[in-house]
Structure formats: structure tokens, C-alpha cells
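# Structural overview
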Amino acid sequence: MEAEYHIPVLLNKVIEIFKSTEFRNPVFFDGTLGGGSYTEAILSEIPDSTVIAVDKDINAISFSKNRLKKFGSRVKFFNSSFAEIRSLVKQAGFDSLSGIVLDLGLSSYQLEAEDGFSFMKDTPIDMRADKRKELTAEKVLNENSPEDLEEMFLKYGEIYNPAEFVRNIISARRNKPISTTNDLLKIIESSFNIKGRARIKLIAKIFQALRIFINNEIEDLQNLLNTSLDILNHGGIIIVVSYHSLEDRSVKNFFKDNSREQKKSKYSRGEANPKPVLQLLTKKPVIPVEQEIRHNPRSRSAKLRAAMRI
Ligand SMILES: C[S@@+](CC[C@H](N)C(=O)[O-])C[C@H]1O[C@@H](n2cnc3c(N)ncnc32)[C@H](O)[C@@H]1O
């Protein structure tokens, strides 16, 4: 495994926000451990803190266990989905949390070294962050019905005209199973007539749709958000860094619906939430400054939102 597993995004902002909590022996939940940079910074900068460090991907757990050895029992590792937050907090020996952080999406390691995530190289089209799960992108592409495939590309890739593309998937798989990223790329090329940046964007959206579906990303996020309200101490903070509009929309709506913000609909001028349980700490999402984007281009689509349990 290479030395640089992942360059952390908006790390200083995450720590600055968490430092504003004033708990004794605070317990944090890092639901997307990755290369361990957030967890390391929390443990280093927040005295007497403990971190429950979770990742679906066993490679992230192995890498970070080694990196964070010096913190001993201040960090509790779990190879699991963050959607299991309630039972993980219990297993770690706690009842509630001072802070939760999610840094969604993929690590650089996953993009570069694990199968199927990147369309920049030809690998088996797997896309599982958790290799214990059965469902792979290969299985979905070769076995799902045309209707299910269309729904997936529409819902998770926002591809509004997937019919011909899906027909081409069905006819390709009749000849030979779709088993590599290049197999999928060829079908994309034959289905859409676009070039340049628009082509790259479209391919990225198709890969994104498959990845979200295979890894249950939106449901996991929604589960964690719902449970966070029960499990955060009053004054506890939740921070989510997201990388595409579906994730960001879920977070934004959840924070809004549970805060004092006016709930507006198309038909009304809005009404105050009668029982707010969150206070927004970021009215607008925080995004990386130019210098960070220059240093780490993968940070360019990041949006950080934070809220406090009241
Ligand atoms: C962008 S990386 C996190 C990087 C990390 N903040 C760091 O500084 O190194 C995202 C990580 O979250 C993990 N992940 C994504 N969804 C998850 C979920 N539902 N449960 C647990 N881990 C998840 C991925 O496997 C990946 O390792």
C-alpha cells in the first residue's frame, strides 16, 4: 500500500469546528476513516478525546491501524458501515457522542488501487468498498432488468435519457458478459455522441450511479443522519463533507428540516420549525480555497456542512 493513502480535504475546517465543542473526555465518530487523517488530527488536537473510527473498506482499517498505533486505546476501529452507528457506539462502550464526521465518497487509494472505481484504467468492474458484500457492478450490469438499470442511471447518475444506453448494455451482455471497466466504456461510447469535457462528465456520472447503487450510499447516509439526532449529546456537532449534489442535497435538506430555518415549499412562504433539534453552523456550504484545490484537485467538488444538536 503506498505511503500517501489519501490527501485529506478541508481538514483544518473540520478540526476548527470540533474544537468549539466543550466536552470533557469527548467521544467522536469518524464514519469514513480512509487514510486516518481526520481521526489523527482529532486525537492530536483535542485533549482526552476518543475516536470511534469506522470504514467499510478493510484496506482503510489496516492502513489506519498501523498509522494510528501511537494513540493506543484512544481509537476504536470498526470495519463496518457508518449506518450501523448506534450499535457501533454501543460496542465501543459509549452511549452518546460529542461529534460525528463523514467525509463521503472514495479515498485516492480506492480510486487508484481497487477494482472498478476508476474509468482511467481497465480493471474488473467490481466497485465494492466492502468486499464481503455479494453485489458487484459486474453482477448488476449483467443481471439487472432494463427497467432497474434505467432507474439506477436516472436516480443516481441523473442521466435523463438512459434508454438507448441500457438497450446497448442488454445487447452487449447477450454476446459476452460485461466484466471490465473498458467493456462498459465501449458501450458508453457507442450510446452517446459527445466529446471533450462533456464526455468525461457523462462517464463519471455513469460510474457514480453504479458506485452509489452497489454501496448503498444514499440510504447509508440517510440512516446515519436520522440516528445522529438520538446519539449526539446536546451541544454535539455533526459535520458532513460531500462530493456530489445527491449527497449534498440529502445533508442540506436534513439540516434544514431539523433546524430553526424556515421550511419553505413551492406553495407557502414558509413556517418556522416548531421543534428545532439542530442549529446550523454553516449557513452556506464551506468549500476549499483555491490553494487547496491547486494542491489537491480531488478536493474541488467538496462541500462541508455542519450543525449542532440543541
Ligand atoms: C474520502 S475517504 C475518507 C478520507 C478520510 N477523511 C481521510 O482523511 O483519509 C472516504 C472513505 O469512506 C469510506 N466509506 C464510504 N461510505 C462508507 C460507509 N457507508 N460506511 C463506512 N465507510 C464508508 C470509504 O471506504 C473511504 O475509505
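Residues numbered from 1 in each chain as written. Predicted model: local features only at pLDDT ≥ 70, side-chain atom pairs only at ≥ 80, totals over all residues. Heavy atoms only, no water.

## Observations concerning the site of the ligand
Taken together, 23 residues lie near the ligand, and G35, D55, F82, D103 and Q110 sit nearest. Contact distances for the ligand include 3.1 Å between a nitrogen atom and a backbone N or O atom of K56. Here the ligand has 610 Å² of accessible area as a free molecule, and 97% of this is covered by the chains. Broken down by class, the residue content of the shell around the ligand amounts to six nonpolar, 12 polar and five charged. (Near = heavy atom within 4 Å. Polar contact = N/O pair within 3.5 Å; in protein donor to acceptor, adjacent residues only side chain to side chain. Areas by Shrake-Rupley, 256 points an atom, 1.4 Å probe, with all protein chains shown as cover. Nonpolar A, V, L, I, M, F, W, Y, C, P; charged D, E, K, R; others polar.)

## Here we look at the domain arrangement of the protein
Domain assignment breaks the protein into domain 1 (11-109 + 217-309) and domain 2 (131-214). Between domain 1 and domain 2 the total buried area reaches about 850 Å² when both faces are included, carbon and sulfur atoms providing 41% of it. When the buried surface of domain 1 facing domain 2 is broken down by residue, E217, H244 and L246 rank first, second and third, together holding 48% of it. The tally of links from domain 1 across to domain 2 stands at six residue pairs in polar contact (both at pLDDT 80 or more). Here the element with the most residues in the side of domain 1 that touches domain 2 is helix 12 (residues 245-257); it accounts for four residues. Partitioning the side of domain 1 that touches domain 2 into residue classes produces three nonpolar, five polar and five charged. (Domains from an automatic or database assignment. Buried area = accessible area lost by both parts, 1.4 Å probe. Helix = DSSP H or I, 4+ residues; strand = E, 2+ residues; numbered from the N terminus.)

## What to know about empty space enclosed by the protein
Throughout the structure, instances matching the rule amount to one cavity of 30 Å³ or more. Of the volumes computed, that of the largest cavity is approximately 30 Å³. Lining the largest cavity, in full, are I188, E189, F192, I194, R199, L202 and I203. For the lining of the largest cavity, the secondary structure elements donating two or more residues are helix 9 (181-191) and helix 10 (196-214). If you tally residues by element for the lining of the largest cavity, the top one is helix 10, at three residues. For the lining of the largest cavity, the residue count by class is five nonpolar, no polar and two charged. (1 Å grid on protein atoms, 1.4 Å probe; cavity = no way out; pocket = protein on both sides within 12 Å on 5 of 7 lines; lining within 4 Å. Points joined across faces, edges and corners; volume = space filled by probe spheres on them.)

## Notes on the pattern of salt bridges
By the definition in use, this model includes 17 salt bridges. The partner of E112 in a salt bridge is R298, and the shortest N-O contact between them spans 2.9 Å. Here R298 lies in the loop between helix 13 (290-295) and strand 9 (303-309) and E112 lies in helix 5 (residues 108-113), a separation of 186 residues in the sequence. For R199, the salt bridge is made with E189, and the minimal N-O distance between the two is 2.7 Å. (Salt bridge = Lys/Arg side-chain N within 4 Å of Asp/Glu carboxyl O.)

## A closer look at the packing of helix 8 (residues 163-175) against helix 9
One way to put it is that helix 8 packs onto helix 9 with a least axis distance of 9 Å and a crossing angle of 135 degrees. Considering the angle they form, helix 8 stands oblique to helix 9. You can see that helix 8 and helix 9 cross each other, and the crossing is right-handed. On helix 9, the residues touching E164, F165, N168, I169 and A172 of helix 8 are L184, I187, I188, S190 and S191. (Axes fitted to C-alpha atoms, helices over the stretch in contact; angles between N-to-C directions. Parallel < 35°, antiparallel > 145°, perpendicular 65-115°, else oblique. Left-handed = near helix turned anticlockwise from the far one by under 90°. Contact = heavy atoms within 4.5 Å.)

## So, the sheet that holds strand 3 (residues 75-79)
One open sheet holds the seven strands; their spatial order is 3-2-1-4-5-9-8, and the pairing between them is mixed. With partners counted over all chains shown, the strands left at the sheet margins are strand 3 and strand 8 (278-280), one partner each. Pairs of neighbouring strands in the sheet enclose a mean axial angle of 20 degrees, with direction left out of account. As defined by bridge partners, strand 2 (residues 50-55) adjoins strand 3 across five bridges and the pair is classed as parallel. (Pairing = 2+ DSSP bridges.)

## Observations regarding the nonpolar core
Ranked by internal contacts, the top residues of the largest apolar core, which has 32 residues, are F153, F165, L184, I188, I206 and L210. Those elements giving two or more residues to this core turn out to be helix 6 (137-143), helix 7 (146-157), helix 8, helix 9 and helix 10. Counting residues per element, this core draws most heavily on helix 10, which supplies eight residues. If near-sequence neighbours (up to four positions away) are discounted, L184 is found in contact with I125, L141, F165, I178, I206, F207 and L210. (Core = buried A, V, L, I, M, F, W, Y, C linked by side-chain atoms within 4.5 Å. Buried < 20%, exposed > 50% of the residue type's maximum accessible area, 1.4 Å probe, protein only.)

## Topic: the environment of L224
With respect to the helices and strands, L224 occurs in helix 11 (residues 217-231). For L224, a relative accessible area of 0% puts it in the buried group. Residues within four places of L224 in sequence aside, it is in contact with F29, F82, I85, I100, L102 and I238.

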